[in-house]
Amino acid sequence: MIKKEMIAMLLAGGQGSRLGVLTSKVAKPAVAFGGKYRIIDFPLSNCINSGVDTVGVLTQYQPLRLNSHIGIGIPWDLDRNIGGVTVLPPYEKSTNSEWYTGTANAIYQNLEYMESYNPEYVLILSGDHIYKMDYEVMLDFHKANNAEVTIAVMPVPMEEASRFGIMITDEDKKIVDFEEKPANPRSNLASMGIYIFSWKTLREALIKMAEQPALDFGKHVIPYCREKGAPMYAYEFTGYWKDVGTLSSYWEANMELIDIVPEFNLYEEYWKIYTKSEIQPPQYIAADSVVERSIIGEGTDIYGEVYNSVIGCGVTIGKGTVVRDSIIMNQTQIGDGCELNKAIIAENATIGNNVKLGVGEEADNDTAPHIYNQGIVTIGEKSVVPNGISIGKNSVVFGVTTAADYEDSHLASGKTLIKAGEE
Amino acid sequence: MRAIGIILAGGNNHRMKELSQKRAVCAMPIAGSYRSIDFTLSNMSNSHIQKVAVLTQYNAKSLNEHLNSSKWWDFGRKQGGLYVFTPVVTAENSNWYRGTADAMYQNLDFLKNSHEPYVVIASGDGVYKIDFNKVLEYHIEKKADITVVCRDMEKGTNIERFGTVKMNEESRIEEFEEKPLQAKTNTISCGIYVIRRRLLIEMIEKCAEEDRHDFVKDILIRYKDIKRIFGYKMKDYWRNIASVEDYYNTNMDFLKPEVRNYFFK
């Protein structure tokens, strides 16, 4: 009989709409990060580094890039005869076919997958956090406390606690109560969305709660377990952890990587982060170019100047172009004589010559100010910006644009230019 | 492709001085990202050769580490693979590879157990791009016994450290000299050969019977009047890193946009 002590279920089906146009063509876990990675590399690498070699990845929204990135799991050593990585999309059943309607519903629909490994414990992860964590230590904590549910938490500043799901614990870290986004938080331990369940407990809860619409861990399964009196503990994590769910947190997390010894260190030998790399030629830094305090991906050619930026693989930065405080993703081509300030440019975009991004006075975005803010200019993937255009702050461009789409070759701060359906 | 590949990665090269004291020449870094053997391996992979043997003996560890999996070059599916053969002690034999022909003789089983009709033999220290299918087409069209990839070297090249060839108007090789004191031509052999597998086995066995060990001296030069040996001229970029100077210049070449574009775009 096949038996695995602990298997992981990685929730990677969400759209991540707060990342705006960055996720209009890809699921959030597949968004590029840190020059060569994709967000899902972090939980996947954590799994293999923690000795968890069986991972089900639940996909739903725009899974193509995620599927081709994961493949059979070779980069993470998850190509296994028994176990390894399995992509689990929603599937048609003889009765009651449905999409994944909630986090726990997605897990419920894959009971059979989990049962086939006869696990003692199931680790629930989400695919949108940047962190390094040894899940085995968390499992030891779970076992030592005879817990049935362990929730990873991290201390957050009290004034921010009302944005999170907050766990209230006793001195033994046993969870006595919890509150979702409380107005007056009684504790500062925020749930990280990482759970270890004893298999029997999880299985029973999922089956009992199966009829609940949009079955969700935080809203339904955890409260159910508490009602039932299952011992629940909070595992405190104090390392680097970043939810890159919003454009500004995504931008910040990238920028934090360019410190000499970043708080989140990708350079250490211990606990490597693995990713699928394209075969790329070496990078090329031309004469007269300047690169300062930046990450530059493989196969990137730099003819201009780059400061405080994260540049992906296979990018070209043209002659006379100056890039500052920006994130440029794989295969994007930037022409000559451009000026980029605090821009996020997604994959395979083409920026013409003498284009200026992030210029002028700041103004609130006209369509989605909760997404596009902090002065960041966002250009979606495969977008084209023609020669000589200038674009203001908090603005967004997506699609193949031509000079006719701009008034006087200019897009003012806070404006949204989306030519949907075209590539 | 209907050929298997053999990469001669054997030697140390005293002209590489300290650089290759601890590693095989074929494991020398090129252009920041690569090792020199990557070029020949990639050429074979891109030409759809599926089964490749690397014959090596000097400081093979550096090469072994680099060739730790066939998957990096996409060799080695259910059929085919990437093999690294170092000399082994058997009941009959306890010699090192005494030459390139001897290295193949000691691994004759590899040749005998294959079924592909042709063999592409190449040295592991060349930096170049070539489609071996084109060479094989040429080989068949010329009804050649052996095809040698040749190249006219630029003026000022130190021809004397290569093997030089002289071809007639049909491209048949009439003269072949190994490291001539005074070169009569500027056409050199790139150390890349195409030959029918059965013929190779036959010639290697004959060679071994006569206690001869070198592919160039004891096969190409010795048989040049009896066998139909043809030259296939390649015109594009080709360097081999046989000396410190070549090694330096080859790396520096990758700073030129035309060389980078030729290899990478």
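Residues numbered from 1 in each chain as written. Chains lettered and ligands numbered in written order. Predicted model: local features only at pLDDT ≥ 70, side-chain atom pairs only at ≥ 80, totals over all residues. Heavy atoms only, no water.

## Here's the deal with the overall build of chain A
Heads up, the condition is: Strands are runs of DSSP state E lasting at least two residues, helices are runs of H or I lasting at least four, and both sets are numbered from the N terminus onward. Computation of the radius of gyration draws on C-alpha atoms, with the globule rule given as 2.2 Å multiplied by the number of residues to the power 0.38. Here's how the labels work: a residue is buried when its accessible area is under 20% of the maximum for its type, exposed when over 50%, partly exposed in between, all with a 1.4 Å probe on protein chains only. In these tables, accessible area is a Shrake-Rupley quantity obtained with a 1.4 Å probe, and a residue counts as shielded only by the protein chains included in the view. When charges are counted, Lys and Arg contribute as positive and Asp and Glu as negative, whereas His and the chain ends are disregarded. To locate a charge, the coordinates of NZ of Lys, CZ of Arg, CG of Asp or CD of Glu are taken.
Looking only at helices and strands, chain A has eight helices and 33 strands in total. For 423 residues, the compact-globule estimate of 2.2 N^0.38 gives 22 Å, and the C-alpha radius of gyration of chain A, at 23 Å, lies within 12% of that figure. A principal-axis box enclosing the C-alpha atoms of chain A has dimensions of 65 × 50 × 50 Å. Counting over 423 residues, chain A shows a buried share of 58%. Put simply, chain A shows about 17,700 Å² of open surface, and 48% of that area lies on carbon and sulfur atoms. The positive charge centre, built from 35 side chains, and the negative charge centre, built from 55, are 3 Å apart in chain A.

## Side note on empty space enclosed by the protein
Residue and element names in this part refer to chain A. So the rule is basically this: As defined here, a cavity is a set of points on a 1 Å grid over the protein atoms alone where a 1.4 Å probe fits but cannot get out. A pocket is an open set with protein on both sides within 12 Å along at least five of seven lines, and residues line them when an atom is within 4 Å of a point. Grid points are joined across faces, edges and corners, and a volume is the space filled by probe spheres set on the points. Under the scheme applied, nonpolar residues are Ala, Val, Leu, Ile, Met, Phe, Trp, Tyr, Cys and Pro; charged residues are Asp, Glu, Lys and Arg; polar residues are all the others, including Gly.
Scanning the entire structure with this criterion turns up four cavities of 30 Å³ or more. Taken as a whole, the largest cavity holds about 50 Å³ of empty space. Forming the walls of the largest cavity are Ala32, Phe33, Gly34, Gly35, Tyr250, Asn254, Val310, Gly312, Ile327, Ile328, Met329 and Asn330. Within the residue set of the lining of the largest cavity, elements represented by two or more residues are β2 (32-33), α8 (247-255) and β22 (327-328). For the lining of the largest cavity, the class distribution of residues is seven nonpolar, five polar and no charged.

## Remarks on a nonpolar patch on the surface
All names here are of chain B. Inclusion rule: Residues qualify for a patch when their relative accessible area is over 30% and they have no salt bridge, like charges being joined within 9 Å and the nonpolar side chains of Val, Leu, Ile, Met, Phe, Trp and Tyr within 5 Å. When a carboxyl oxygen of Asp or Glu lies within 4 Å of a side-chain nitrogen of Lys or Arg, that pair is called a salt bridge.
A cluster of nonpolar side chains, contributed by Tyr248, Met252 and Leu255, occupies part of the molecular surface with about 310 Å² of accessible area. Summarising the element assignment, Leu255 is placed in the loop between α8 (244-253) and α9 (257-264). Assessed through its relative accessible area of 48%, Leu255 is described here as partly exposed.

## Description of the packing of helix α6 (residues 199-208) of chain A against helix α7 (residues 217-227) of chain A
Residues and elements named next belong to chain A. Note the following rule: Interaxial angle, 0 to 180 degrees, is taken between N-to-C directions of lines fitted to C-alpha atoms, where a helix line uses only the stretch in contact. Here is the rule for handedness: rotate from the far helix to the near one, and if that takes an anticlockwise turn smaller than a right angle the crossing is left-handed, while a clockwise turn gives right-handed. Note on definitions: a residue-residue contact is assigned when non-hydrogen atoms from the two residues lie within 4.5 Å.
For the pair α6 and α7, the least separation of the axes is 10 Å and the interaxial angle reads 115°. In this structure, α6 meets α7 at a crossing whose hand is right-handed. Across the interface between the two elements, Thr201, Leu202, Glu204, Ala205, Leu206 and Lys208 from α6 touch Phe217, Val221, Tyr224 and Cys225 from α7. For the contact of α6 with α7, the class distribution of residues is seven nonpolar, one polar and two charged.

## Re the interface of chain A and chain B
Let me state the cut-off plainly: We define buried area as the total accessible area lost by two parts upon association, computed with a 1.4 Å probe and summed across both. By the criterion applied in these results, polar contacts are pairs of N or O atoms within 3.5 Å in which, for protein atoms, one can donate a hydrogen and the other can accept it, and in which residues neighboring in sequence qualify only through two side-chain atoms.
On the side of chain B, eight residues touch chain A, which itself brings six residues to the contact. Roughly 670 Å² is buried in total at the junction of chain A and chain B, and carbon and sulfur atoms are behind 50% of that figure. Area buried by chain A at its contact with chain B is led by Pro281, Pro282 and Tyr284 of chain A, which between them contribute 63% of it. Counting every contact that joins chain A to chain B gives two salt bridges. Ionic pairing is found between Asp301 of chain A and Lys265 of chain B, a salt bridge with its closest N-O pair at 3.1 Å. Inspection of the chain A/chain B interface yields three residue pairs in polar contact (both at pLDDT 80 or more). Among the residues making up the side of chain A that touches chain B, the classes are represented as four nonpolar, one polar and one charged.

## Concerning unusual backbone geometry
If you check the backbone angles, Asp325 of chain A has positive phi at about 50° while not being a glycine. Within the secondary structure, Asp325 of chain A is located in the loop between β21 (322-324) and β22. You will see that Lys143 of chain B, though not glycine, has its phi angle at about 50°, which is positive. Inspection of the secondary structure assignment puts Lys143 of chain B in the loop between α5 (132-141) and β8 (146-152).

## Quick word on the nonpolar core
If you look at soluble globular proteins, the nonpolar side chains tend to sit buried side by side. To keep it simple, the criterion reads: To qualify as a nonpolar core, a set must consist of buried Ala, Val, Leu, Ile, Met, Phe, Trp, Tyr and Cys residues joined through side-chain atoms within 4.5 Å.
Phe33, Leu125, Met133, Tyr135, Ile194, Tyr250 and Ile344 of chain A are the most contacted members of the largest nonpolar core, which totals 74 residues. The leading source of residues in this core is α8 of chain A, at five residues.

## Some words on the confidence of the model for chain B
Under the convention used in this document: Every residue carries a pLDDT, the predictor's confidence in it, which falls somewhere between 0 and 100.
With 95% of its residues at a pLDDT of 70 or more, chain B shows a mean pLDDT of 89. Our summary of model confidence lists the complex with pTM equal to 0.86 and ipTM equal to 0.74.

## Some points on the environment of Lys265 of chain B
Its place among the elements puts Lys265 of chain B in the segment after α9. The exposed category is assigned to Lys265 of chain B, whose relative accessible area is 65%. Excluding anything up to four places from it in sequence, Lys265 of chain B contacts Asp301 of chain A together with Arg260 of chain B. At a separation of 3.1 Å, a polar atom in the side chain of Lys265 of chain B contacts the side chain of Asp301 of chain A.

## Examining the pattern of salt bridges
Residues and elements named next belong to chain A. A full pass over the atoms with the stated rule returns 38 salt bridges over all chains. Close ionic contact of Asp53 with Lys4 constitutes a salt bridge, the shortest N to O distance being 3.1 Å. One end of the pair, Asp53, is in the loop between α1 (41-49) and β4 (54-58); the other, Lys4, is in the segment before β1 (6-11), and 49 residues separate them in sequence. We note that Asp53, like Lys4, is buried. For Glu204, the salt bridge identified is with Lys208, shortest N-O distance 3.2 Å. With a gap of four residues between them, Glu204 and Lys208 both fall in helix α6, about one helical turn apart. When its relative accessible area of 28% is taken as the criterion, Glu204 is described as partly exposed. Three or more residues joined by partner-sharing salt bridges are found here, namely Arg38, Arg65, Glu347 and Glu381.

## A look at a negative patch on the surface
Taken together, the side chains of Glu169, Glu170, Glu174 and Asp225 of chain B present a region of like negative charge at the surface. As for its position among the elements, Glu170 of chain B is in the loop between β9 (163-167) and β10 (173-178).

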